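As a plain string of letters, each chain reads:
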Amino acid sequence: MTQWLEVCDLTEIPRLGARVVNHGALAIAVFRNADDEVFALEDRCPHKGGPLSQGIVHGRKVTCPLHGWNIELISGCAVAPDVGCAREFPIKIEAGRVWLDPVAAVSAAA
Amino acid sequence: MIHASSQYQHAVVIGGGLLGLEAANGLMKRGMQVSVVHIGPWLMERQLDEPAARLLQKSLEEKGMKFLLQKQTAELVQGESGRVCAIKFKDGDSAPADLVVMAVGIRPNTELAESSGLHCNRGVVVNDTMQTFDPRIYSVGECAAHRGIAYGLVAPLFEQAKVVANHLAQHGISRYQGSVTSTKLKVTGIDLFSAGDFMGGEGTESILYSDPIGGVYKKLVIRDNKLVGGVMYGDTVDGAWYFSLLRDGKNVNELRDHLMFGQDHCGNLGHSGINKAASMTDDMEVCGCNGVCKGDIVKAIREKGLFTLEDVRKHTKASGSCGSCTGLVEQILAVTVGGDYSATPKTKSMCGCTEHTHEDVRAAIRQNKLLTIPQVQQFMEWDTPNGCASCRTALNYYLISTWPGEAEDDPQSRFINERAHANIQKDGTYSVIPRMWGGNTTPSELRRIADVVDKYSIPAVHVTGGQRIDLLGIKKEDLPKVWADLDMPSGHAYGKALRTVKTCVGSEWCRFGTQNSTQMGIDLEKAFFKMWAPHKVKLAVSGCPRNCAEVAIKDVGIIGVDSGWEIYVAGNGGIKTEVAQFLIKVKTEAEVMEYSGAFLQLYREEARYLDRTVHYVERVGLDYVKKKILDDHEGRKALYERLIFALSIEKDPWVERAKEGKFAQEFASLTV
Ligand SMILES: Cc1cc2nc3c(=O)[nH]c(=O)nc-3n(C[C@H](O)[C@H](O)[C@H](O)COP(=O)(O)OP(=O)(O)OC[C@H]3O[C@@H](n4cnc5c(N)ncnc54)[C@H](O)[C@@H]3O)c2cc1C
Ligand code: HEM
Ligand code: SF4
Ligand code: FES
C-alpha cells in the first residue's frame, strides 16, 4: 500500500537541484532535473554516507559532493565501476504538487 | 614461423625496423641463429639516431643477434629441397638462410582507391576531417596519408576514427591535426623510447647525455622553448613525462637546466616521483589519497583490459583525487601494457560531455557573447543534455568571468561549497571562516565569534594557517543566522576565489620591518575581496626579506624592501610545492596593486578551470606573463581595470543571505 504524503510545490525544488525532506529521523533527498522529472533517494551516499541532496544534478544522475561518485536518480545505484545503492522512494507529481511515500522504500538490488 | 624455428637453424630478417627486430628477437629466443639485414646505415632509423642505434645494436649483438648493415638483398637462393637456403646481396656476399622474414615497412595498397579516382600519394590522401578527394569517401588507418604521413600505430588511428565518427554523426567541427607518436621496443632487457622529431636540425637545439660504458644515451630536441622530440636508450623512466611535455606543447624554458635529469629533479616536492613504477613492489602505495597500491592498479589493468589513464582512474580511483600521482599511474600503465599503451590524445577535451577543449569553449563564449550554460551547451553541441559536475562548474566560471554582470551565475552549477558559501564536512555539516583582513582582528570580533560558538553549540574552533578562525560542525540551516550574528565578511574559504592575504606585522611593530606589510595586505585583500578565480588564490605580504608571511608559496607574494616592493608570482604550497618566481620590483603601493591585480586578471581570463597560478604559468611561461604585465603598459592597465570592474559587481554572499534573505530555500529543509 502506497501512502502518499504531500511534500511541496514542484517550483519549490530548484531545477537541476534538490531539497531535503525530513520524515522523523529519516532524511530524503528530493531531486528535480531539467525535464522536471522528480526522484527521491535516501540522503546517504552508498560510498561514505555523503548527503546526495547537496550534489550537482545532471541528466538523471547526481554527483555526490564528498568524493564525486555518480548516482543514478532512477535506481539510487552508483554508476559503474562504483558499486552500491541508496534507498529509493516512490514519488510523483500531481497538478504541480510533489507527493512522496517515505515508508515504502524500494531497496534496489545491489 | 614458430614451426620453422623448431626445424631449421638459420633465419634472416630483412628490415631492421621495429617489427623486424621484434621478430628477430622472437626467433632467437626460439633457438635460431638470426641475422638482420638492413639497408640503412643504422637500425630503426625512423625512431633512433645513430648513437642510440649503435647502443641497441651492441646489446642485441651481445644477445647473439647478427647484423648486416647497408646491405641490399639481390636474390633468395633456392636449395635442393625446394626451400630457401641462402640469401644473396648486391655486393656479391651471401648468407645462409632456412627462413626469411621480410619486415620492410608498410606500404598502403591503394589500387582500389586509385582506380576509383581518389588521389593517392603514399596512401589515400585525406584532409583534417579524414575525407578523401571525394568528400563522400572517408579514409582512416594505416592506408590513409594525412599531411603526408601514414601512421602505423594504433593510438593515432583511434584519434582518426574518433574524428570520422564525430563527422558522420554530424557532431560538428572536431579535426584531426596529426599525432605525435612514441615508440618502445618490446624486447626484454632493452629500454628504448623515441618520440616526435628526434633527429633535430635547423632551428632546433639538442640536449645530450651520453654514457656509452653504462649503456645510457638520451637526447632531447627543443624548438622555440618547446620539447619537439627525443630519443632515449638504457634509461627510459621519464619517457612518459617527456612525451606529455611534448604533446602538450609546454614551455620548457624554465625547466631546461634540469630537463635531462627527469621529472624528479624539476621542483616537484610532492610525492609523485619518489618511486619509479618499474622498481616498485606490488604493495607500495601509489595514490595516497585513496590508498591504492601498485598491485591493485596492475591487477585492474590486466583483468579489466584497461587502456587509458581515465579507465584506471575510474576503476581504481588512483590519481582521481589530487592528481599528484598521475605521472606514476601513467608509468605503471605503460609498463604493464607495454607498447600497446596509447597515451591520451594530444588535445584534451573539457570532459566526457564534449570534444571541445577549455580554450575552444572560452573563445566561443567570448566571441559569441554566450551568457548561459544552456546557450554554451547548445552552441558547442554538447553530447549530454546538461553536462556533468565537472563541465558545468567550469562553464559557470567561464561565463561569469568573461561577462561579469551580464552572464547568469547558476547556483546549480556550482559545487556545494560555493552554493552554500561554506565548506561541507565529512558528516554533512559545514564550516564557517569569516574574513579577518590581513589577519588582523579586534576584541569585538573575537567576542562575537565566542558568542556565536556558544549560541549555536559549535563543536570545534580552529586557527587556520591563513591567519583566521574556522568554526566547524555547523548545521546548514544555521548558516545564515551564524553569518548574521558574526557580522563579518565572507572569508571565501569555500571557494575557487581569493582566500586569504597573509601578512606579517611589518614596520609598524617589527624591528626589522622596512614596509607596512600589514596595511599593504589589508589593502590588497579589500581590493580583491569577492574575486572568483579558476582555483583558489592566496596572497601574502612580508615586511622584509626574512619573509615571515611565507610569500614564496603564494599565488602572489609581496616582499617589502627598503626601496619598495618585490612581487613574486605563481608559488604554490600544496600537492606541487613550487617556489614563486620573481616578477618585478616596484616603488609604490599603487603599483603593487596594479601589477598584482593585472596578473590575477590574466590568470582569471586565460587559465583553465581548476588550474592554480602555478599550472597556468608553467603552461604559458613566465616570459609570456612578463610580456603581458611588464612590457605592455596599456594592456596591464586594461587588465587591472577589467578586474576592478568585475569586482564592483560582486556582493558579499553572506550579507545577501543573512541580511537580505536571498536563496532562503537553499538552507531550509522540508518535513513530511
Ligand atoms: C606484427 C605487428 C605488430 C604491431 N605492433 C604494434 C604495437 O605494439 N602497437 C601499435 O600501436 N601498433 C602495432 N602494429 C601496427 C598496428 O597493428 C596497425 O597500425 C593497425 O592495426 C592498422 O589498423 P588499420 O585498421 O588501418 O588496418 P588493419 O588492422 O590492417 O585492418 C584492415 C582491415 O581491412 C580488411 N580489408 C582489406 N582489404 C579489404 C577490402 N578490399 N574489402 C574489405 N576489407 C578489406 C582487412 O582484412 C583488415 O581486417 C603492429 C603491426 C604488426 C604487423
Ligand atoms: C590541494 C590540496 C588541498 C586541498 C584539497 C585543501 C582543502 C582545504 C579545505 C577544504 C579547506 C577548508 C577547511 C574547512 O572547511 O574549514 C582548507 C583550508 C585551508 N588550507 Fe587547504 N587544501 C589543500 C592544500 C593546502 C596547502 C598546501 C596549504 C598551505 C600551504 C593549505 C592551507 C590552507 C589554509 C591556510 C586553510 C585555511 C584557509 C582560510 O583561513 O581560509 N591548503 N583547505
Ligand atoms: S618579515 Fe621582516 S618585517 Fe615582517 S615580521 Fe618578519 S622580520 Fe619582521
Ligand atoms: S560519500 Fe558519496 S562519494 Fe564518497
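Residues numbered from 1 in each chain as written. Chains lettered and ligands numbered in written order. Predicted model: local features only at pLDDT ≥ 70, side-chain atom pairs only at ≥ 80, totals over all residues. Heavy atoms only, no water.

Enquirer: A description of the sheet that holds strand S11 (residues 192-196) of chain B should follow, citing residues and the corresponding values.
Expert: Residues and elements named next belong to chain B. Reading across from one edge, S10-S11-S14-S13-S12 is the order of the five strands in this open sheet, with antiparallel pairing throughout. Two strands lie at the open edges of the sheet, namely strand S10 (182-184) and strand S12 (205-211), each paired on one side alone. For this sheet the average axis-to-axis angle between neighbouring strands, irrespective of direction, equals 15°. Bridge count between strand S13 (residues 216-223) and strand S14 (residues 226-233): seven bridges; the pairing is antiparallel. Within the sheet, the bridge partner assigned to Val-221 lies in S14 and is Gly-229. (Pairing = 2+ DSSP bridges. Helix = DSSP H or I, 4+ residues; strand = E, 2+ residues; numbered from the N terminus. Axes fitted to C-alpha atoms, helices over the stretch in contact; angles between N-to-C directions.)

Enquirer: Describe helix H9 (residues 309-316) of chain B, listing the residues and the values that go with them.
Expert: Residues and elements named next belong to chain B. Restricting attention to buried positions, one finds in H9 the residues Leu-309, Val-312 and Thr-316. With its buried residues spanning 60° around the axis, H9 presents them on a single face. Buried-residue contacts for H9 involve strand S16 (292-293), helix H8 (294-304) and helix H10 (326-337). In the segment just after H9, Lys-317 is the residue with positive phi, at about 75°. (Buried < 20%, exposed > 50% of the residue type's maximum accessible area, 1.4 Å probe, protein only. Arc of directions from axis to C-beta. Contact = heavy atoms within 4.5 Å.)

Enquirer: Report on the state of the cysteines, specifying residues and quantitative values.
Expert: Residue and element names in this part refer to chain A. In this structure the tally under the stated criterion is one disulfide over all chains. The partner cysteine of Cys-77 in its disulfide is Cys-85, sulfur to sulfur 2.0 Å. On the sign convention where negative is left-handed, the bridge of Cys-77 and Cys-85, at about 95° about the S-S bond, is right-handed. Classification of Cys-85 by relative accessible area gives partly exposed; the value is 24%. (Disulfide = S-S within 2.5 Å.)

Enquirer: Describe the site of ligand 2, with residues and values.
Expert: All names here are of chain B. Neighbouring ligand 2 are 17 residues; Gln-425, Ser-431, Thr-464, Arg-468 and Asp-470 lie closest to it. Asn-423 is positioned with one of its side-chain polar atoms (N or O) 3.2 Å from an oxygen atom of ligand 2. Within the side chain of Lys-536, one N or O atom sits 3.0 Å away from a nitrogen atom of ligand 2. Across the shell around ligand 2, the residue classes tally to four nonpolar, nine polar and four charged. (Near = heavy atom within 4 Å. Polar contact = N/O pair within 3.5 Å; in protein donor to acceptor, adjacent residues only side chain to side chain. Nonpolar A, V, L, I, M, F, W, Y, C, P; charged D, E, K, R; others polar.)

Enquirer: Any chance you could break down the pattern of salt bridges for me, citing the residues and the numbers?
Expert: Enumeration over the complete set of coordinates arrives at 37 salt bridges over all chains. Here Asp134(B) makes a salt bridge to Arg136(B), at a shortest N to O gap of 2.9 Å. A salt bridge links Lys455(B) to Asp485(B); its shortest N-O distance comes to 2.7 Å. Within this pair, whereas Lys455(B) is found in helix H15 (residues 443-455), its partner Asp485(B) is found in helix H16 (residues 479-486), the two being separated by 30 residues in sequence. A network of salt bridges, in which partner residues are shared, links Glu6(A), Asp9(A) and Arg97(A). (Salt bridge = Lys/Arg side-chain N within 4 Å of Asp/Glu carboxyl O.)

Enquirer: So what's going on with the interface of chain B and chain A? Residues and values would help.
Expert: If you look at the interface, chain B gives 29 residues, while chain A gives 31 residues. A buried area of about 2,300 Å², summed over both sides, lies between chain B and chain A, and 58% of it is on carbon and sulfur atoms. Our count for the contact surface shared by chain B and chain A stands at one salt bridge. Its salt-bridge partner being Lys317(B), residue Asp82(A) comes within 2.5 Å of it at the nearest N-O pair. Taken together, the connections running from chain B to chain A amount to 14 residue pairs in polar contact (both at pLDDT 80 or more). Every element with two or more residues in the side of chain B that touches chain A is listed here: H9, helix H13 (389-402), helix H14 (416-420), helix H24 (664-667) and strand S26 (670-671) of chain B. Tallied by class, residues from the side of chain B that touches chain A come to 10 nonpolar, 11 polar and eight charged. Looking at chain direction, strand S2 (residues 17-23) of chain A and S26(B) are connected through two bridges and run parallel. Residue pairing across strands places Val21(A) opposite Leu670(B), the latter belonging to S26(B). (Buried area = accessible area lost by both parts, 1.4 Å probe.)

Enquirer: Tell me about the packing of H15(B) against H16(B), and name the residues and values.
Expert: All names here are of chain B. Orientation of H15 relative to H16, taken along the N-to-C sense of each, is 150°, at an axis distance of 9 Å. In terms of their interaxial angle, H15 and H16 are classed as roughly antiparallel. At the point where H15 passes H16, the crossing takes the right-handed sense. Residues Arg-448, Ile-449, Val-452 and Lys-455 of H15 lie in contact with H16, whose contacting residues are Val-482, Asp-485 and Leu-486. Of the residues assigned to the contact of H15 with H16, the class counts are four nonpolar, no polar and three charged. (Parallel < 35°, antiparallel > 145°, perpendicular 65-115°, else oblique. Left-handed = near helix turned anticlockwise from the far one by under 90°.)

Enquirer: Which residues make up the site of ligand 3, and what values do they have?
Expert: Surveying the vicinity of ligand 3 reveals the residues Cys504(B), Gly506(B), Cys510(B), Phe512(B), Gly513(B), Ser542(B), Gly543(B), Cys544(B), Arg546(B), Asn547(B) and Cys548(B). Per-class residue counts for the shell around ligand 3 are five nonpolar, five polar and one charged.

Enquirer: Describe H13(B), naming the residues involved and giving the relevant values.
Expert: For H13(B), built from 14 residues, the straight-helix expectation of 20 Å at 1.5 Å per residue is met to within 8% by its first-to-last C-alpha distance of 20 Å. Buried residues dominate H13(B), accounting for 13 of its 14 residues. (Expected span 1.5 Å × (residues − 1).)

Enquirer: Quick rundown of the packing of helix H19 (residues 589-606) of chain B against helix H21 (residues 622-631) of chain B? Include the residues and the values.
Expert: Residues and elements named next belong to chain B. One way to put it is that H19 packs onto H21 with a least axis distance of 10 Å and a crossing angle of 130°. Here H19 lies oblique to H21, going by the angle between them. Both H19 and H21 take part in a crossing whose hand is right-handed. Taking contact as the criterion, the partners of Tyr-595, Ala-598, Phe-599, Leu-602 and Glu-606 in H19 are, on H21, Tyr-624, Val-625, Lys-628, Ile-629 and Leu-630.

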